[in-house]
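Okay, here's what each chain looks like letter by letter:
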Amino acid sequence: MTATIPVPADSSPPPVDGVSITVDGVPMTVPKGTMIIRAAEQIGVEVPRFCDHPLLDPVAACRMCLVEIEGQGKPQPACAVAASEGMSVKTQRTSEMAELAQRGVMEFLLINHPLDCPVCDKGGECPLQNQAMEHGRSESRFDLEKRHFDKPINLSAQILLDRERCVSCARCTRFSEQIAGDPLIELFERGSKQQVGIAEDRPFDSYFSGNTVQVCPVGALTSSQYRFRSRPFDLVSVPTVCEHCSSGCGLRTDVRRSTVLRRLAWDTPEVNEEWNCDKGRFAFAHAATPEFDTPLVRGDDGILHAATWPEALERVAEGLADARGRSAVLTGGRLTLEDSLAYSKFARAVLGTDDVDFRARPHSTEEADFLASVVAGSGLGVTYDQLENAPVVVLAGLDPEEESPIVFLRLRKAARKRQLPIASIAAWATPGLGKMFGTLLPTAPGAEGEALSALARGGDTLGSDGRRIAALLNEPGAVILVGERLATCTGALSAAAALAHTTGARLAWIPRRAGERGAVEAGLLPGLLPGGRSLADAQSRAEVAAAWGVSVDDLPTKVGREVDAIVEAARAGAYNALVVAGVDPFDTRRPDDVIAALEAVPFLVSIEVRPSAVTEFADVVLPVSTITQRAGTFVDWEGRTRVFGQVFRTSLALTDARVLAMIADELDRPVGRQDVAGMRKEAAALAPSGSGRREVPSVAASSVSASSGQAVVSTWHHLLDEGTLQRGDDDLAATARTAVARVSAATARAAGLTDFVTLSTDAGSLDLPVVVTDMPDGVVWLPTNSHNSNVRRVLGVDHGAIVSLASGGGA
């Protein structure tokens, strides 16, 4: 719940459109439309409430907030009555009527509420407990049997309902309908039989269902993950930041006996407000403990054996000794800003190579140029508040509900509250777009660049919706949001930059992984140094060398290779060593090629938290700390730094930065201790510079077309899929969306598809259920990495590629 901070009535100038009222004898001026309960908070008066929540529409369901209003014959709900000029309000502090009314309501609420506080998960942090002590009777006058229900009821695999505890405040149902757009739970029946329920064939499989547990004021809703695990007073709470996507959500991580038991959304008004997605709330089994206890070194028998740190570091130094200038560094999206800076320094100053890239996913040279010229060093760009207040938002290569859930919630909020126009350049209107009341600009995969260019020309070729959106883009404050899959669409990122330049709209890039924006800022791209500096610029190289405490001659001068080129060079024997951290080969465009490169390189160092496909080929494995064992910083998609604390403060596990410093010492090329405080100072010293910026890419847009019996692939990740960081959370996985293949009716007829389709390439085939969808012909959509739909691993293709279609027989 939002904390109430008392603010003196005269601490700020009165609002221009304010109304003057009196609360408990204190005169004040509040904005027109302010509810009485909010006005009382401004003078430090907390009116008791259950149904009220500042981010939900008022409903006056619980009647606990009754107050006396002069001129009214009976108490009124403070949460649902707006202040009006000259109104005089008395709360329970000064009105016997209000106090008696609140005590009466509390007595009614407790008539059927069970006395199971000692075993209730909410016990110790329960608003009903607290307010019953303050506003209730010392003993009950009700001596009849309370109502009973079978308990608990599974609303979904992870949300459980104890119906007899419910006080019908409707917080959960209002959140689901108003905030998440998933009206899957509702209040049924009337009177004492009233209860929360779901339809028999529609479980509460919302991406945001966990928030209902947090806003429930009485413990009626609990999670299967935390139920009966602990009491609040046994927990140690640490403010943290979500490691899953680039939304930057603030979290509260609760720990008992060195075990993470739950995570809650932290009140962060400028980012996630008071919400988070179920992935961020429940998917933390991966962070419990490192799966590697000690370093591993491959022996003469070809098997990895446990080793001490000195032994492992000595072996790494031997393998890297003759690799200066003939090595590469590949990192993934899990790294903090501090660790990304450490890898950037290690590659350039220690290994003498610019062959470094964080994009363990489909990518392009155009994307590298776009990130270096538009994103890197740009600081805080488009913000969540600016999204909400924009005249229009255009989405290209991005499904916010699946790829950045808090962006989705903010856009839905703006669309619902002020009818924000939202347009999506995509193959089909996703459920998330419908919940944002958005407009689809139908576009075949690979043709996103042409659609963006059409908007720059006025949108005529995109129909009336296109012309309307194009006109709105010229208004001040318009926003264009692009996702990472535009990297696979030739000319799309160039077209997005050109559209922003032509219209004056603000442009933002939203990657899927939490560490990717920080990696850009740290210079984990070939030719890019920290703070948006260019390796080719002499002044930039001098600035970085000074900050790193090395000679400028120690830095490479030749722009290095990108991921695909690194893989090809490794397969061809161009490297003596590879350093790999946080990379899953099956996330890349061609997993088989990456695995062949790992097998071919003479010396491979894996710096990782858990075993992966890289481990099988590594000569040395160096374990590093999980997200709960380290402090650090993520940079969210806005460019906002999100600092988080160390949950397990007694952990001796090392961060990536410390491990790299130890390797550098062993190679006799010291880079300093590289603890978190030191890396943050280094980041401040490498603040964005205006020198040596790369030019914005200008690649001509193109499109892809399929022949008879084929289709162009449209694909992106479901929020809940088979990602590495979701392993071990079975109840969460049970709420994931089912993988299907979507095609148009014409495409289904042409390919003879009925219930199932077989999609095939030279690499393999997938069988999926068919869902006929309103979308361009010759296109097939399927999720990238869901159960039975591993596009890159099985088919070896990605967004914009060609696959063959045939009628399938099903699983």
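Residues numbered from 1 in each chain as written. Predicted model: local features only at pLDDT ≥ 70, side-chain atom pairs only at ≥ 80, totals over all residues. Heavy atoms only, no water.

Student: Sorry, what's going on with the overall build of the protein here?
Tutor: If you tally the helices and strands in the protein, you get 25 helices and 37 strands. Against the globule reference of 28 Å for 811 residues, the protein gives a C-alpha radius of gyration of 29 Å, in line with a compact fold. With the C-alpha coordinates aligned to their principal axes, the bounding extent of the protein is approximately 85 × 60 × 55 Å. Here the protein holds 811 residues, and 59% of them are scored as buried. Once local pairs closer than 6 in sequence are excluded, the contacts in the protein between residues at least 24 apart make up 71%. (Helix = DSSP H or I, 4+ residues; strand = E, 2+ residues; numbered from the N terminus. Rg over C-alpha atoms; globule rule 2.2 N^0.38 Å. Buried < 20%, exposed > 50% of the residue type's maximum accessible area, 1.4 Å probe, protein only. Contact = heavy atoms within 4.5 Å.)

Student: Looking at this model, I keep getting lost on the packing of aromatic side chains. Mind explaining?
Tutor: The description of an aromatic ring pair rests on the distance of the ring centres and on the angle between the ring planes. Counted by the stated rule, this structure contains seven aromatic pairs. Arranged with centres 5.5 Å apart and planes meeting at 55 degrees, the rings of Trp-716 and Trp-781 form a pair that is tilted. With Trp-716 in the loop between β30 (710-714) and α23 (730-733) and Trp-781 in strand β34 (residues 779-781), the pair connects residues that are 65 residues apart, well separated along the chain. One aromatic cluster is present, formed by Trp-428, Trp-716 and Trp-781 through successive ring pairs. When the ring centre of Tyr-226 is taken as origin, the NZ or CZ atom of Arg-262, which lies over that ring, is 4.6 Å away. Residue placement shows Arg-793 over the ring face of Phe-586; its charged tip is 3.8 Å from the ring centre. (Phe/Tyr/Trp six-rings, centres within 6.5 Å; stacked < 30°, edge-to-face > 60°. Lys NZ or Arg CZ within 6 Å of the ring centre and 35° of its normal.)

Student: Would you mind showing me how to read the side chain of Arg-361 here?
Tutor: Tracing the sequence through the fold places Arg-361 in the loop between β17 (356-357) and α9 (365-375). Here Glu-484 takes part through its side chain, which lies 3.5 Å from a polar atom of the side chain of Arg-361. Within the local environment of Arg-361, its side chain forms a polar contact with the side chain of Glu-516, the two groups lying 3.1 Å apart. Setting aside residues no more than four positions away along its own chain, Arg-361 makes contact with Glu-367, Glu-484, Trp-509, Arg-513, Glu-516, Asp-587, Thr-588 and Arg-792. (Polar contact = N/O pair within 3.5 Å; in protein donor to acceptor, adjacent residues only side chain to side chain.)

Student: What is the right way to look at the sheet that holds β17 in this model?
Tutor: Strands in a sheet are paired, the pairing made by backbone hydrogen bonds, and the direction either parallel or antiparallel. The strand order across the open sheet built from seven strands is β15-β14-β27-β26-β25-β16-β17, with neighbouring strands paired in mixed fashion. A single partner strand is all that each edge strand has here, and the edge strands are β15 (304-306) and β17. Helix-sheet contacts for helix α21 (residues 656-666) involve β25 (577-581), β26 (604-608) and β27 (620-623), and the interaxial angle to β26 is about 145 degrees. (Pairing = 2+ DSSP bridges. Axes fitted to C-alpha atoms, helices over the stretch in contact; angles between N-to-C directions.)

Student: I'm lost on the sheet that holds strand β5 (residues 88-90) in this one. Help?
Tutor: Strand order in the open sheet formed by five strands is β2-β1-β5-β3-β4, and the pairing between neighbours is mixed. A single partner strand is all that each edge strand has here, and the edge strands are β2 (26-31) and β4 (76-77). Here strand β1 (residues 18-23) runs beside β2; their pairing, made up of six bridges, is antiparallel. Along β2, the bridge assignment pairs Ser-20 with Thr-29. Its contacts with the sheet put helix α2 (residues 96-111) on β3 (66-69) and β5, and the angle it makes with β3 is roughly 155 degrees.

Student: What's the story with the domain arrangement of the protein in this structure? I'm lost.
Tutor: By a widespread convention, an interface's size corresponds to the accessible area lost as its parts come together. Segmenting the protein into domains produces domain 1 (18-111), domain 2 (142-287), domain 3 (296-358 + 517-685), domain 4 (372-514) and domain 5 (710-807). One C-alpha centre belongs to domain 3, the other to domain 5; they are set 34 Å apart. At the junction of the two partners, domain 3 supplies seven residues and domain 5 supplies six residues. Note on domain 3 versus domain 5: buried area summed over both sides is about 650 Å², and carbon and sulfur give 51% of it. The tally of links from domain 3 across to domain 5 stands at zero salt bridges. Taken together, domain 3 and domain 5 are joined by one residue pair in polar contact (both at pLDDT 80 or more). Here the side of domain 3 that touches domain 5 is composed, by residue class, of two nonpolar, one polar and four charged. (Domains from an automatic or database assignment. Buried area = accessible area lost by both parts, 1.4 Å probe. Salt bridge = Lys/Arg side-chain N within 4 Å of Asp/Glu carboxyl O. Nonpolar A, V, L, I, M, F, W, Y, C, P; charged D, E, K, R; others polar.)

Student: Help me understand the packing of helix α7 (residues 309-320) against α21, please; the structure alone is not making it clear to me.
Tutor: The description of two helices packed together rests on the angle between their axes and the distance between the axes. It is the contact of α7 with α21, at a shortest axis distance of 9 Å, that shows an interaxial angle of 65 degrees. Both α7 and α21 take part in a crossing whose hand is right-handed. Each of Trp-309, Leu-313, Glu-314, Val-316, Ala-317 and Leu-320 in α7 lies in contact with α21, whose residues at this interface are Val-659, Met-662, Ile-663 and Glu-666. Its residues assigned to classes, the contact of α7 with α21 comprises eight nonpolar, no polar and two charged. (Left-handed = near helix turned anticlockwise from the far one by under 90°.)

Student: How should I be thinking about a negative patch on the surface in this particular structure?
Tutor: Together, Glu-311, Glu-314, Asp-665, Glu-666 and Asp-668 give the surface a local cluster of negative charge. Broken down by secondary-structure element, the contributors of at least two residues to the negative patch are α7 and α21. Here Glu-314 shows up in helix α7. For Glu-314, a relative accessible area of 44% corresponds to the partly exposed category. (Patch = residues over 30% accessible without salt bridge, like charges linked within 9 Å, V, L, I, M, F, W, Y side chains within 5 Å. Areas by Shrake-Rupley, 256 points an atom, 1.4 Å probe, with all protein chains shown as cover. Lys, Arg positive; Asp, Glu negative; His and termini not counted. Charge placed at Lys NZ, Arg CZ, Asp CG, Glu CD.)

Student: Before we go on, may I ask you to explain the pairing of strand β22 (residues 506-510) in this structure?
Tutor: For β22, the buried fraction is high: four of the five residues fall into the buried class. As judged from the five bridges shared by strand β21 (residues 479-483) and β22, these two strands associate in the parallel manner. Counterpart to Leu-481 in the pairing with β22 is Ala-508. Regarding the hand of the β-α-β motif, the stretch spanning β21, helix α16 (residues 492-503) and β22 is right-handed. (Right-handed = clockwise from strand over helix to strand, strands pointing away.)

Student: Which parts of the structure should I look at to understand the nonpolar core?
Tutor: Nonpolar side chains in soluble globular proteins tend to be buried together. If you look at the biggest cluster of nonpolar residues, it comprises 92 residues, and the most contacted ones within it are Ile-21, Leu-387, Val-393, Leu-411, Leu-481 and Trp-637. Those residues in contact with Leu-481 that lie beyond four places of it in its chain are Leu-387, Val-393, Val-394, Leu-395, Ala-396, Leu-398, Val-407, Ala-508, Ile-510 and Trp-637. Formed by 80 residues, the second largest nonpolar core is a distinct cluster that contains Leu-313, Ala-372, Phe-603 and Ile-607. (Core = buried A, V, L, I, M, F, W, Y, C linked by side-chain atoms within 4.5 Å.)

Student: What's the story with helix α14 (residues 448-456) in this structure? I'm lost.
Tutor: Residue pairs three or four apart in sequence face the same way in an α-helix, which turns once every 3.6 residues. Of the positions making up α14, those classed as buried are Glu-448, Gly-449, Ala-451, Leu-452, Ala-454 and Leu-455. Of the surrounding secondary structure, the elements contacted by the buried residues of α14 are β18 (393-396), β19 (422-426), β20 (439-442), α15 (463-472) and α16. Positive backbone phi, approximately 110 degrees, marks Gly-458, located one or two places after α14.

Student: Where do I start with unusual backbone geometry in this structure?
Tutor: Trans is the prevailing form of peptide bonds, just as negative phi is the prevailing case for residues other than glycine. In this model, Lys-151 is joined to Pro-152 through a cis peptide bond whose omega is -15 degrees. With respect to the element layout, Pro-152 can be found in the loop between α3 (127-135) and β6 (153-154). Phi is positive for Phe-228, close to 60 degrees, though the residue is something other than glycine. As for its position among the elements, Phe-228 is in the loop between β10 (221-223) and β11 (236-241). Among the residues examined, Phe-228 registers a relative accessible area of 53% and is labelled exposed. Here Asp-668, not a glycine, exhibits a phi torsion of approximately 60 degrees, which is positive. Mapped onto the secondary structure, Asp-668 falls in the loop between α21 and α22 (676-685). On the basis of relative accessibility, which here comes to 66%, the residue Asp-668 falls in the exposed class.

Student: Teacher, can you tell me more about the pattern of salt bridges here?
Tutor: Pairs can form between side chains of opposite charge once their charged atoms are near each other. Following the criterion strictly, the structure yields 59 salt bridges and no others. Here Asp-162 ties to Arg-227 by a salt bridge, and the two come within 2.8 Å at their closest N and O atoms. In this pair, Asp-162 sits in the loop between β7 (159-161) and α4 (171-180) while Arg-227 sits in the loop between β10 and β11, placing the two residues 65 residues apart along the sequence. Its salt-bridge partner being Arg-263, residue Glu-243 comes within 3.1 Å of it at the nearest N-O pair. Here Glu-243, found in the loop between β11 and β12 (250-256), pairs with Arg-263, found in strand β13 (residues 259-265); they are 20 residues apart in sequence, far enough to count as distant. For the residue pair Glu-243 and Arg-263, the accessibility class agrees, reading buried in each case. Members of the salt-bridge network, linked through shared partners, are Asp-357, Arg-359, Arg-361, Glu-367, Glu-484, Arg-513, Glu-516, Glu-562 and Asp-587.

Student: Explanation requested: the packing of helix α8 (residues 337-350) against α21 in the structure shown.
Tutor: At a closest axis distance of 8 Å, the pairing of α8 and α21 adopts a crossing angle of 20 degrees. Of the possible angle classes, the one that applies to α8 and α21 is roughly parallel. Regarding α8 and α21, the two cross each other, and that crossing is left-handed. Contacts from Glu-338, Asp-339, Ala-342, Tyr-343, Phe-346 and Val-350 in α8 reach Asp-656, Ala-657, Leu-660, Ile-663 and Ala-664 in α21. (Parallel < 35°, antiparallel > 145°, perpendicular 65-115°, else oblique.)

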